[in-house]
Amino acid sequence: MSQQDPSGYPHQPYGAPYGEQPPPGYGYGYGYPPPPRSEGPSANAIVSLVLNLLAVVSCCNVFGIPGAILAGLAISRASREPERARTMVIWSWVLLGLGFALGVALFLFLGLSGYLND
């Protein structure tokens, strides 16, 4: 006599042959799979936008303005055009770095030429 489950299906012994169908109502996983991840550069674009805006406000980085505009456009286009948004974010970072480098070069030039001595 074999053991019967209350629902009427016999228990499968440990190591049952592969391919046997489990009885209806028994697990096919843990629910629905998670939705696919968005491949858009949204987090990178947000960081770029914040840093470009801080650069404009704190040290008059004129390249931060177009960088912030590009980062904002990249955030809005991340779901529709991910490759174009990624390119905009890259250019936003390039403009931030260029503005920072030019600012450092300007202060070095002014400091070495004596314009900052008082």
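Here the structure is a predicted model, which is why all the values come from computation and not from measurement.

Undergrad: Lay out the overall build of the protein with the relevant residues and their values.
TA: For the protein, the helix and strand inventory stands at three helices and zero strands. Taken over 118 residues, the protein has a buried fraction of 19%. Partitioning the contacts of the protein with sequence separation of at least 6, the portion at a separation of at least 24 is 47%.

Undergrad: Mind laying out the packing of helix H1 (residues 42-59) against helix H3 (residues 82-113), listing which residues take part and the relevant values?
TA: Interaxial distance between H1 and H3 falls to 10 Å at its minimum, and their mutual angle equals 25°. For the element pair H1 / H3, the angle class is roughly parallel. For the pair H1 and H3, the sense of crossing is left-handed. Residues Asn44, Ala45, Val47, Ser48, Leu51, Asn52 and Ala55 of H1 lie in contact with H3, whose contacting residues are Val89, Ser92, Trp93 and Leu96. Class assignment for the residues of the contact of H1 with H3 results in seven nonpolar, four polar and no charged.

Undergrad: Can you break down the layout of surface pockets residue by residue, with the values?
TA: Size it by volume and the largest pocket reaches roughly 260 Å³. Lining of the largest pocket is provided by 14 residues; of these, Cys59, Asn61, Gly99, Leu102 and Gly103 occupy positions nearest its centre. Put simply, the parts of the chain that give the lining of the largest pocket at least two residues each are H1 and H3. Taken together, the residues that form the lining of the largest pocket break down as 11 nonpolar, three polar and no charged.

Undergrad: I'd like a rundown of the pattern of salt bridges, residues and numbers included.
TA: For the coordinates displayed, the defined rule picks out two salt bridges. Salt-bridge contacts for Glu81 lead to Arg84; the nearest nitrogen and oxygen are separated by 3.8 Å. Judged by its relative accessible area of 28%, Glu81 is partly exposed. Residue class for Arg84 comes out partly exposed when judged on its relative accessible area of 46%. Between Arg86 and Glu83 there is a salt bridge whose closest N-O contact spans 2.7 Å. You can see Arg86 and its partner Glu83 sitting in helix H3, three residues apart, about one turn around the helix. Accessibility expressed as a relative area gives 29% for Arg86, which makes it partly exposed. Glu83 sits in the exposed class, given a relative accessible area of 54%.

The rules behind each value
Positions within a chain are numbered from 1, following the residues in the order the chain's sequence is written. In keeping with the model being predicted, local features are shown solely for residues with a pLDDT of at least 70 and side-chain atom pairs are shown and tallied solely at 80 or more, while totals for entire chains, interfaces and linings include all residues. For the side-chain quantities, the full set of heavy atoms in the structure was used; hydrogens and water were omitted. What counts as a helix is a DSSP run of H or I of at least four residues, what counts as a strand is a run of E of at least two, and both are numbered from the N terminus. The rule is simple: take the accessible area with a 1.4 Å probe, protein chains only, and divide by the maximum for that residue type; under 20% is buried, over 50% is exposed, in between is partly exposed. Whether two residues touch is decided by their heavy atoms; if any such pair falls within 4.5 Å, the residues are in contact. Where helices are involved, their axes are fitted lines through C-alpha atoms of the stretch in contact, as for all axes, and angles between N-to-C directions lie from 0 to 180°. For classification purposes, angles smaller than 35 degrees are called roughly parallel, those larger than 145 roughly antiparallel, those between 65 and 115 roughly perpendicular, and all remaining angles oblique. By definition, turning the near helix anticlockwise from the far helix through less than a right angle yields a left-handed crossing, and turning it clockwise yields a right-handed one. Here the term charged refers only to Asp, Glu, Lys and Arg, the term nonpolar to Ala, Val, Leu, Ile, Met, Phe, Trp, Tyr, Cys and Pro, and the term polar to all other amino acids, Gly among them. Points on a 1 Å grid, built from protein atoms alone, make a cavity when a 1.4 Å probe fits but cannot get out and make a pocket when they are open with protein on both sides within 12 Å along at least 5 of 7 lines; residues with an atom within 4 Å of a point are the lining residues. Grid points are joined across faces, edges and corners, and a volume is the space filled by probe spheres set on the points. Within this document, salt bridges are pairs made up of a side-chain nitrogen of Lys or Arg and a carboxyl oxygen of Asp or Glu, the two lying within 4 Å of each other.

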